[in-house]
Structure formats: C-alpha cells, structure tokens
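Working through the structure, step by step
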Amino acid sequence: MPDPLTMITEAFTSFLFGKVETTRLPVRTSTGQAQAVYLPTAAPGLGDSGVIIGREVYSGKGYIYDPFQLYGQQLPAPHWLVLGESGNGKSALEKTYVLRQLRFRDRQVVVLDAQGEDGVGEWNLIAEHLGITPVRLDPVAARDGGIRLNPLDPSITTTGQLALLRTIIEVAMGRGLDERAGFALKVAHAQVNASVTERQPVLTDIVERLRHPVEDSAEAMNVDLEDVRAWGLDVALVIDRLVDGDLRGMFDGPTTVGIDLDAPLIVFDLSHIDRNSIAMPILMAIVGVWLEHTWIRPDRKKRIFLVEEAWHIINSPFVAQLFQRLLKFGRRLGLSFVAVVHHLSDVVDGAAAKEAAAILKMASTRTIYAQKADEARATGRVLGLPRWAVEIIPTLTPGIAVWDVNGNVQVVKHLITEAERPLVFTDRAMTEDSSAPDPVGPAAPRTKAEVDLEKQLANDAVA
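The text that follows walks through the structure, step by step, so that each part is easy to find.

What counts as what
- Residues numbered from 1 in each chain as written.
- Predicted model: local features only at pLDDT ≥ 70, side-chain atom pairs only at ≥ 80, totals over all residues.
- Heavy atoms only, no water.
- Helix = DSSP H or I, 4+ residues; strand = E, 2+ residues; numbered from the N terminus.
- Buried < 20%, exposed > 50% of the residue type's maximum accessible area, 1.4 Å probe, protein only.
- Contact = heavy atoms within 4.5 Å.
- Areas by Shrake-Rupley, 256 points an atom, 1.4 Å probe, with all protein chains shown as cover.
- Patch = residues over 30% accessible without salt bridge, like charges linked within 9 Å, V, L, I, M, F, W, Y side chains within 5 Å.
- Salt bridge = Lys/Arg side-chain N within 4 Å of Asp/Glu carboxyl O.
- Lys, Arg positive; Asp, Glu negative; His and termini not counted.
- Charge placed at Lys NZ, Arg CZ, Asp CG, Glu CD.
- Pairing = 2+ DSSP bridges.
- Phe/Tyr/Trp six-rings, centres within 6.5 Å; stacked < 30°, edge-to-face > 60°.
- Lys NZ or Arg CZ within 6 Å of the ring centre and 35° of its normal.
- Axes fitted to C-alpha atoms, helices over the stretch in contact; angles between N-to-C directions.
- Parallel < 35°, antiparallel > 145°, perpendicular 65-115°, else oblique.

1. Overview of the overall build of the protein
The number of helices and strands found in the protein is 21 helices and 13 strands. Within the protein, the proportion of its 463 residues that are buried is 51%. In the protein, of all internal contacts separated by at least 6 residues, the share reaching a separation of at least 24 is 74%. Taken as a whole, the protein presents about 22100 Å² of accessible surface, with 54% of it coming from carbon and sulfur.

In structure tokens form, the structure reads like this:
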C-alpha cells in the first residue's frame, strides 16, 4: 500500500494536469524473429513419402498419401472409401491418383468403369494415353466375338468356381440357395469338371448336367434321380440367362485370349451395361472372383482395385461377402481396394447392411466431398467424424474434401497439373458433371504453394 503522502500528491497532480499514462515505444522486428515468439501450429501430416494429393487448406502444407507407405504404421488396412455428390471432384481425384501411382514401377491398377458416354467408359481416355485397350464387356458385341470371361476358367480353383456360381445364382434370384438346390449345383459342377477335360468347361455344360443329372449324384445321397433334377431346375433356369438371355455371349465360352493381366492399368469397361439392372452386380461378382484367382499373385507388386458405382457391390449381400473375402485376402498380397459411392445411405440402409458395415470398417481411409447437411450428419455418425468436420462438409467447394486417415482428419484441396488436365476433364457429359466449375482452372487464382506443388508433380517428384 502506498503511503498517505504519496496518495495525496498523486491525487493533487491528477487534478491539476490530468491522469499521467505511460506510453510504450513500438517494437519493430522481422517475420523471421517474430515467428520465434508466435509459433505457427499445424496438425502433423502423413509423412513425405508417397503420392502428392494437393495441399491442406488450413496450414497450406502439401498433402501426401499412400496406403502402401502408411500400412502397418498409421493405417491398419490399405482400403479407401470415397464419398460425395456428383460434380465435386471424385472422378478427378481417382484419375489423378491412379496416374500418379503408376509412376511407381511396382504399382498395378484395375478399374471397374461403370460410367461413360459416346460408347466408351469414363477411363477410356486415360487407357488410350497409356497405350492400353480396355476390356469392354458388352452383351451385344460379345455375340460377335467380343470379350468373354469364363466363370469356369481353369485358372480359378474348383472352390472359387463353385462360390462364383452360387453368387451369380443368388444375386439373380434375390435370395440364398436352399440346401437341395445347392446340392444339385455342387454335384453338377463336380460332374462337369470330371467329364470335360479336352477343353475349358463352360456354363452350358453346367446347365446340361443340371437338366440331366447322372445316377451317381442320386446314389450318393440315396435319393431319387428325379428329385435331384427337380432341385436343380431353378438353378438351371438362372444360369440359362447367362447363356441364352440378356447377358448372352459374355460368360458362355472360354475366356478371351489376349487379356493382358500384366499391364500397369487394366480397365473393365462396364458402361454398356444398365447400371440399374441385375446384370451389374452379377458382372462385378464375376470380375471380382476372376481377378482374385488370376490377377492377384504373391509377386511383391502393390495393386489397386478401384470400383466405380461400388454400391452395386456393397448393397448386395452375396456380392459383398465375396468382396469381403477378397479384401481380407488381398491385404496379405498388397491390395488396396478403393470404393467410390455417392451416398453412404446407399449402402448402410440397403439389403446388405451387415456386410456393408464390415467393408466400411476395413476402409481406414475415408474421403468425403460436399454433401447435403442431413447426409453429412448421417455420414459423420457412421464414420465417427469429429463435429467440426461434419459441419463443414455441406460448405465444401468442388475439389476440396475432408480426409480421415485412421483418425487423422484434414481438409485437403486436390491439385491437378496441366499435363493431367486434358485426361481428367473431358467435353463429354460424365456422371461427374464436366460443366461444374473447375476447382483449379486457369482462371482461378492459385497460391505459390499450389504452383510449387504443381511443378513438383510435373517433374515426377512423387516419392
């Protein structure tokens, strides 16, 4: 406490001259010195090894992601889910990601291309750029010597063939096979494999054996031969659709010679198939199992399996079970599964909710583009996103997405180089609306960080 004399003196001085305030002189310094006082902060990135995606919106740092580099350290599984409304940049991200991954010599990519226009798939331009011919599955062209995939190809194990046949039938019927129908299919398949040795067995052989079972099949179960025939009748009718119905020509003969499974990029063009027909999940099941037994090999290659319109897989219990096994099996052989879906509600509210939840659980990386507020909240609940991320999802502009890499959540702006632009954006009206504003178009202002990243990509500085 000041003494009374000092207090009286200060009061008298203030009355005569006003209150006296201390004035501090300004401090001038450089930004280099000031940053030691006011330290910038930013969340840690994912490392500096892998593929450049773009830059973090809040910190401006380059964003680098590679599931093969992160697996076992920051990622428990290399699988990836991409969500968002059309026209926000999903297609551009997928294409540039694949192009940048293919710069590594030990990478190989398969794309199930379910979208397209002008008679070709959306990935046709990239395939042409790389000198690759897409595997175009077309029921009309197949009747005139087009591409065929044989579900009974000898390169597929006997167990795999039977599992594939069951899946095809269950998808077409919309229900599981009962024990009697399953038995009829099993014995017919065994008899075909035992009797057809001079050529590849085909689906017509299965249909014939279901219609005309042999005595051995009845004796094995001590039942009447007519019972075995009756048990397999519905199965024969379903398979006959692949042989002589709307899918005729694509699966009723030996696998087409010349499909290059060693190419760096393999594109299965499904754009000629009605996306809303039962044919699409059947096709995806056949392609998935065929790839599992002919493409994925323990040869130290890192493989990416990218599926457009993946709800056809995840929304069918029987197809989803096949892909569940593929994902578990593929992790041991260096497989990263990329599923592209417009809305999470397409799968979590579907007939295969249990299988969908299991597949989503295996996807440790989730990229979410702009969605409506209600959809964003539902997505946030299912994926366990932080509240701040859920709130900004409806406000995201094209090319910007929320990335959740095993709990490391960032807002990332995807960057596209001038060399990639003609391959990513086309004049055709794709599902990803090409008339939507280009998030990094020539007229858009770009920061120095974006320009520097673009130069890095152009110089192949991706590792």
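Additional details are given in the paragraphs that follow.
2. A few points about a negative patch on the surface
A grouping of Glu215, Asp216, Glu219, Asp224 and Asp227 is seen on the molecular surface, where their side chains present a negatively charged patch. Looking at the negative patch, the element that brings in the most residues is helix 10 (residues 215-221), giving 3 residues. As for its position among the elements, Asp224 is in the loop between helix 10 and helix 11 (225-231).

3. Some details on the pairing of strand 4 (residues 107-113)
Counted residue by residue, strand 4 has 7 buried out of 7 residues, so it is predominantly covered. By the alternation rule, side chains of strand 4 split into Arg107, Val109, Val111 and Asp113 and Gln108, Val110 and Leu112, which are all buried. Alignment of strand 4 against strand 9 (residues 302-307), held across 6 bridges, turns out to be parallel. Each bridged residue has a counterpart across the sheet, and for Arg107 the counterpart in strand 9 is Lys302.

4. Focus: the packing of aromatic side chains
In the structure shown here, the tally under the stated rule is 11 aromatic pairs. For the pair Trp295 and Phe305, a centre-to-centre distance of 6.2 Å together with 70° between the ring planes defines the contact as edge-to-face. Note that Trp295 is positioned in the loop between helix 13 (279-294) and strand 9 and Phe305 in strand 9, a separation of 10 residues in sequence. On the basis of relative accessible area, Phe305 is assigned to the buried category, the value being 1%. The aromatic ring of Phe104 is capped on one face by Arg107, whose charged end is 4.6 Å from the ring centroid. Note that Arg303 overlies the ring of Trp295, its terminal NZ or CZ placed 5.5 Å from the centroid.

5. Some points on the pattern of salt bridges
Within the structure shown, the criterion is met by 16 salt bridges. Note that Asp269 is salt-bridged to Arg136, the shortest N-O span being 2.8 Å. On the criterion of sequence distance, the pair formed by Asp269 in strand 8 (residues 265-269) and Arg136 in strand 7 (residues 135-136) is long-range, its members being 133 residues apart. Taking the relative accessible area as the measure of exposure, Asp269 reaches 1% and is therefore buried. Here Arg211 and Asp240 are joined by a salt bridge, their closest N and O atoms 3.9 Å apart. Highlighted residues: Arg211 in helix 9 (residues 203-211) and Asp240 in helix 12 (residues 233-244), separated in sequence by 29 residues.

6. Some points on the pairing of strand 13 (residues 408-414)
For strand 13, the buried fraction is high: 7 of the 7 residues fall into the buried class. What you see with strand 13 is no split at all: Asn408, Gln410, Val412 and His414 on one side and Val409, Val411 and Lys413 on the other are buried throughout. Of the pairings in the sheet, the one linking strand 1 (residues 51-56) to strand 13 comprises 3 bridges and is antiparallel in character. Residue pairing in the sheet places Glu56 in a bridge with Val412 of strand 13. Here strand 12 (residues 400-405) runs beside strand 13; their pairing, made up of 6 bridges, is antiparallel. Pairing of Val402 across the sheet is with Val411, part of strand 13. In this structure, the hairpin formed by strand 12 and strand 13 is closed by a connection of 2 residues, where Asn406 is found at a positive phi of approximately 50°.

7. Re the sheet that holds strand 11 (residues 363-368)
What the 11 strands build is an open sheet, ordered 2-1-13-12-11-3-10-9-4-8-7; its pairing is mixed. Edge positions in the sheet fall to strand 2 (62-65) and strand 7, since each of these pairs with one other strand and no more. Strand contacts of helix 4 (residues 90-101): strand 1, strand 2, strand 3 (79-83), strand 4, strand 8, strand 9, strand 10 (335-341), strand 11, strand 12 and strand 13, with the helix running at about 135° to strand 1, the strand carrying the most contacts. Strands in contact with helix 17 (residues 353-362) are strand 3 and strand 11; relative to strand 11, the strand with the most contacts, it is inclined by about 90°.

8. Side note on the environment of Arg300
Looking at the secondary structure, you find Arg300 in the loop between helix 13 and strand 9. Each C-alpha atom, one on Arg300 and one on Leu333, is 7.3 Å from the other, the two residues being 33 residues apart in sequence.

9. Digging into the packing of helix 7 (residues 158-173) against helix 15 (residues 317-331)
Relative to each other, helix 7 and helix 15 sit at 150°, their axes nearing to 8 Å. Looking at the two axes, helix 7 sits roughly antiparallel to helix 15. The residues of helix 15 that touch helix 7, namely those facing Thr167, Glu170 and Val171, are Phe318, Val319 and Leu322.

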